[in-house]
Amino acid sequence: MTFPNQLSVLRMLLAPLFFFLFLSPDERFKKLSILIYFVATLTDWYDGWHARKFGSVTRAGIFLDPLADKVLTSAAFLGFYFVGIMPLWMILIIVFRDIVITLLRSINEAKGITIKTSYIAKTKTFIQMTFIFLILILYISRFFDISNNLKDQIIAFLNSDINYWLMLIVTMITLYSGIDYFLAKKIHSENISPVKTKTAS
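Residues numbered from 1 in each chain as written. Predicted model: local features only at pLDDT ≥ 70, side-chain atom pairs only at ≥ 80, totals over all residues. Heavy atoms only, no water.

Trainee: Would you mind going over the overall build of the chain with me for this structure?
Mentor: On a plain count of helices and strands, the chain comes out with seven helices and zero strands. For the chain, the succession of helices and strands along the chain, N to C, is α-α-α-α-α-α-α. Residues counted as buried form 41% of the 201 residues belonging to the chain. Sequence separation of 24 or more characterises 78% of the internal contacts of the chain that already satisfy a separation of 6 or more. Carbon together with sulfur atoms contributes 70% to the accessible area of the chain, which is approximately 11900 Å² in total. (Helix = DSSP H or I, 4+ residues; strand = E, 2+ residues; numbered from the N terminus. Buried < 20%, exposed > 50% of the residue type's maximum accessible area, 1.4 Å probe, protein only. Contact = heavy atoms within 4.5 Å. Areas by Shrake-Rupley, 256 points an atom, 1.4 Å probe, with all protein chains shown as cover.)

Here you go:
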């Protein structure tokens, strides 16, 4: 297994660790969870950079890298649901989309067809990661030594209409990226026509 692929596997292993720490009643563990998530995110950047720089891009890596991203982001979104930040229906859309796309990619890999991550899917992941870090920083900061007034403002934002609309935008972009996968696959299939052979008359 190449080094970038090892980092992808590490990212998938860090996801449940983050989830456990984030939901822990111990405030020290909650504070540690954001560090774990940051380290996991760094592996996402570094494995891609390493694979491109040293030419170690593999079919397994093309599959494992986005899979690890999905596992990591799903862990965060599920954590947000369990602490009462994000509604369940949004989580279901995001996780269901990721499961379906992962299964389809697995089926294509089994057929020897490698589907690279699209620009829209990469943009979706960037937006998800940015939003997750925003919410993590705000939520975890409540367990540090800050004023009660600031804590109240953070809680108010997490439960505000603004945050709801941000979550809705993230959910819709995630859903659209899944729909785009099917549209792109359909167009690709339509552009492949069977080879016709001429017979001698």
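Trainee: Sorry, what's going on with the pattern of salt bridges here?
Mentor: When their charged atoms lie close together, side chains carrying opposite charge are able to pair. Applying the stated criterion across every chain yields a total of five salt bridges. Close ionic contact of R11 with D44 constitutes a salt bridge, the shortest N to O distance being 3.5 Å. Here R11, found in helix α1 (residues 3-23), pairs with D44, found in helix α2 (residues 27-53); they are 33 residues apart in sequence, far enough to count as distant. Via salt bridges that share partners, R11, D44, D65 and D69 belong to a single interconnected network. (Salt bridge = Lys/Arg side-chain N within 4 Å of Asp/Glu carboxyl O.)

Trainee: What am I meant to see in the environment of T171 here?
Mentor: Mapped onto the elements of the fold, T171 is located in helix α7 (residues 161-190). Remark: the alpha-carbon pair of T171 and K124, spanning 47 residues in sequence, is separated by 9.5 Å.

Trainee: Even after reading the chapter, I still don't get the confidence of the model for the chain, so can you show me in this structure?
Mentor: It should be kept in mind that the predicted coordinates are not to be read in detail where pLDDT is low. On average, residues of the chain carry a pLDDT of 86, and 89% of them reach 70 or more. Of all secondary-structure elements in the chain, the lowest mean pLDDT belongs to α7, at 84, while helix α6 (residues 148-158) reaches the highest, 96. Throughout residues 192-201 the model reports pLDDT below 50, and contacts reaching past four residues in sequence, or to other chains, amount to zero contacts. (pLDDT = per-residue confidence, 0-100.)

Trainee: Is there a simple way to explain the environment of I93 in this structure?
Mentor: One can find I93 in helix α4 (residues 88-110). Owing to a relative accessible area of 23%, I93 belongs among the partly exposed residues under this scheme. Measuring from C-alpha to C-alpha, the distance between I93 and L175 comes to 7.0 Å, with 82 residues separating the pair along the chain. The residues contacting I93, other than those within four sequence positions of it, are T171 and L175.

Trainee: Please clarify how the packing of α1 against α2 should be interpreted in this entry.
Mentor: A pair of packed helices is characterised by two quantities: the angle between their axes and the separation of those axes. The interhelical angle for the contact between α1 and α2, taken along N-to-C directions, is 165°, at an axis separation of 9 Å. In this view, α1 runs roughly antiparallel relative to α2, as classed from their interaxial angle. Considering how the two elements wind past one another, α1 and α2 form a crossing that is left-handed. Broken down by class, the residue content of the contact of α1 with α2 amounts to 18 nonpolar, four polar and four charged. (Axes fitted to C-alpha atoms, helices over the stretch in contact; angles between N-to-C directions. Parallel < 35°, antiparallel > 145°, perpendicular 65-115°, else oblique. Left-handed = near helix turned anticlockwise from the far one by under 90°. Nonpolar A, V, L, I, M, F, W, Y, C, P; charged D, E, K, R; others polar.)

Trainee: Looking at this model, I keep getting lost on the nonpolar core. Mind explaining?
Mentor: The tendency in soluble globular proteins is for nonpolar side chains to be buried side by side. If you look at the biggest cluster of nonpolar residues, it comprises 33 residues, and the most contacted ones within it are F18, Y37, F77, F80 and M86. Of all the secondary structure elements, the ones that give two or more residues to this core are α1, α2, α3 (59-82), α4, α5 (119-141), α6 and α7. When residues of this core are assigned to their parent elements, the largest contribution, nine residues, is made by α5. Residues contacting F80, with those up to four places away along its chain left out, are F22, I85, M86, F131, I132, I135 and L136. (Core = buried A, V, L, I, M, F, W, Y, C linked by side-chain atoms within 4.5 Å.)

Trainee: Explain the packing of α2 against α5 here, please?
Mentor: The N-to-C vectors of α2 and α5 enclose an angle of 160°; their axes lie 10 Å apart at closest approach. The angle between α2 and α5 places the two elements in the roughly antiparallel class. The handedness of the crossing between α2 and α5 is left-handed. For the pair α2 and α5, contact is made by K30, K31, S33, I34, Y37, F38, T41 and D44 and by M129, I132, F133, L136, I137, Y139 and I140, respectively. The class makeup of the residues in the contact of α2 with α5 is ten nonpolar, two polar and three charged.

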